[in-house]
Structure formats: C-alpha cells, structure tokens
Amino acid sequence: MDGFLIGVLVLVVFVIVLLLKTAVVVDQQYEYVIERLGKYRTTLEAGFHILVPFFDRVAYKRSLKEESIDIPAQTCITADNVSMEIDGCLYLQVVNSRLSAYGIDNYHFAVTQLAQTSLRSAIGKITLDNTFEAREDLNRQVVQALDEASQNWGVKVLRYEIKDIQPPRSVLDAMEKQMKAEREKRAEIAKSEGERQSTINRAEGERAEAIARSEGEKMRRINEAEGQAQEILKVAEATAEGIRRVAEALGAPGGQEAANLEVAKKYIDQFGKLAKENNTMILPANLTDVAAMVATAMTTMEQTRNKEQARP
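Residues numbered from 1 in each chain as written. Predicted model: local features only at pLDDT ≥ 70, side-chain atom pairs only at ≥ 80, totals over all residues. Heavy atoms only, no water.

Asks: Account for the side chain of Thr-112, naming residues and giving values.
Replies: Along the chain, the position of Thr-112 falls in helix α3 (residues 107-123). The class for Thr-112 is buried, based on a relative accessible area of 11%. Excluding residues that lie within four positions of it along the chain, Thr-112 makes contacts with Ile-69, Ile-71 and Pro-72. (Helix = DSSP H or I, 4+ residues; strand = E, 2+ residues; numbered from the N terminus. Buried < 20%, exposed > 50% of the residue type's maximum accessible area, 1.4 Å probe, protein only. Contact = heavy atoms within 4.5 Å.)

Asks: Can you break down the sheet that holds strand β8 (residues 155-166) residue by residue, with the values?
Replies: The 3 strands lie next to each other as β6-β7-β8, forming an open sheet whose pairing is antiparallel. Strand pairing shows two members of the sheet lacking a second neighbour, β6 (66-77) and β8, which therefore form its edges. Across the sheet, the axes of successive neighbouring strands diverge by a mean angle of 20°, strand direction being ignored. Here strand β7 (residues 83-94) runs beside β8; their pairing, made up of 10 bridges, is antiparallel. Counted as the bridge partner of Gln-93 is Lys-156 from β8. Packing against the sheet, α3 makes contact with β6, β7 and β8, and its axis sits at approximately 40° to β6. Along the sheet face, helix α5 (residues 135-149) touches β7 and β8 and points at about 145° away from the line of β8. (Pairing = 2+ DSSP bridges. Axes fitted to C-alpha atoms, helices over the stretch in contact; angles between N-to-C directions.)

Asks: Please give an account of the pattern of salt bridges that cites residues and values.
Replies: The tally for this structure, following the rule as stated, stands at 12 salt bridges. Close ionic contact of Arg-159 with Glu-66 constitutes a salt bridge, the shortest N to O distance being 3.1 Å. Of the two residues, Arg-159 is situated in strand β8 and Glu-66 in strand β6; the sequence distance between them amounts to 93 residues. Arg-159 gets classed as partly exposed once you look at its relative accessible area, which sits at 36%. The class of Glu-66 is partly exposed, set by a relative accessible area of 39%. The salt bridge involving Glu-224 is made with Arg-220; its shortest N-O contact spans 2.5 Å. Of this pair, Glu-224 and Arg-220 both sit in helix α6 (residues 169-251), 4 residues apart, which is roughly one turn of that helix. Assessed through its relative accessible area of 40%, Glu-224 is described here as partly exposed. (Salt bridge = Lys/Arg side-chain N within 4 Å of Asp/Glu carboxyl O.)

From the geometry alone we can't say anything about function, so treat these as descriptive.
Below, the structure is given as structure tokens:
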C-alpha cells in the first residue's frame, strides 16, 4: 500500500513538472520564440500554449511595446573643427521577433552604436552655429540611417531625439560674448530708433501746432474783418435810414417849421456849451442873427433831401 502511494505521488510530481515544462502563457504585447531541439520552430503570440516536453523550449522573449534607449554622451566634431558632447534618446519597437532573435546578437547594443556613428557623421557636415538650429534635421538623419540598417534586425526605429549639446567652455564663453554684443547692438539700435521717432514726433507736433496757430490767427482776422465790414454796413444802412426819415419828415406838413425849431435849439445849446468850456472864443459877426443861421442850415438840409429824391 505504501508503495502504491509513493508511486501515485511520483506520478503527480511528474505531471506537475510536465505541465510546467509544456504549458506556456504569453502576456499581451509579448511574443515567445520557440526552438525544438535547438532549431527555430514557431513564434507564440499572447495566450495559452502547450509545448512538446523535452523537445520544445522558449528560446527568446520579445516585448512588442515601444522601447526607450538612452544613447550615452559622445564627442562629435563639427565641420569647423569644434568638439562637443552630445547625448540622445532613441525610441524603437520590435516588429519581427524571429529576426530580432536571429538577425543580430543584441539589437539594443547594435542600434546604440549605429545611432552614435550616424550622429557623428551628421554633425561633421555642419558648423557649430548650425548645430543648435538643425536639431530636427539631425534627428531625421539619424532615424533614416538606423531604419535602413535595422530592417534585417526585426526592429523599427521610430524616432531619435538629441537631449543635450555641450560645447567646450571656451566656445560657450565666446558664444556668450557674441550674444551679449548682439543684445547691446539691438539695444543701441532700438534706442536710436526711439530717439529718431521721438524727434520726428516732436517736429510733427510743433508743425501741427504752428499750422493750428496760423489757422486760428487767420480765422480771427477773417472774423474781425467780417465784423468790421458788417459794422460799416450797418452804420451806412442806419445813416441812410436816418437821412431817409429826415427827408420824409421835412416833406410832411409842418416838417419844415419843426426842423427850423430843432436846428435853432441845437445851435443855442451848443453855443452855450462853448461858452462854459472855453475862456476864450471867437464869435461870429452875425451872432444875433439866429434866423439867418437856421435858414442856412435848413437850406443845406433841403439840398440834401432833393439829392436823395433825385437818386433812382
């Protein structure tokens, strides 16, 4: 009975070991390369698989995910003989697990070395000043060179990015001085442009002010002239109206006698004022003949009225 139990136990252990040797579970985004007696047999995709015990084995496990590989810093020499330290980052993906296993011994090491050599070759074709501006072009050249070479390795190079560029300290100092000189130059140009624009603005302002002042003076004089003309016109119209009314009054009944009385009254009033304001005065010979003076004045007014009536 004990021997039977031992046999069953041995059988169970054998079955377990057999299952461990033959049952394979492949995770998602992975592929297993299977060899039978040392020769490639098949590639297992994600899922559960049974292998032939003692004949089949998992030789390689490949991840189909995108991988990121750091490219160590290396010294590159530009076309103008300036050395610099450049490192980068490479992104690739396994697209054929069989080729990645048998096409090359270590595809990680291979793409790293090829990336470094391709970058050195690309840097050697450009100058230092163009290195910082041509990063995108450098990345594209490296990816193109790697993609052509890695087709037989079962991997696809997706992109390459330059992380850092470190020129020598002397070159950095020279670049810093150059940038400082450029900044000072731009500052001086901006300052001179500002002063020039300020001068132009002041001149334009003074010109506009002078024009506005002259226009104002011109309008003032025009307004004054128009005012004086209107004043003269109004005075002339008023004088003409006064003469017309005097003429009408003289032609009315009793107008002549009223005019004689008004002239005599004015004559006496003015003569009295003359006697008050002056200590010495010249008297006319016919001072007592007020009637003669009034007649003379009335004759003049009559002549004026006749002229006014004679006008068309």
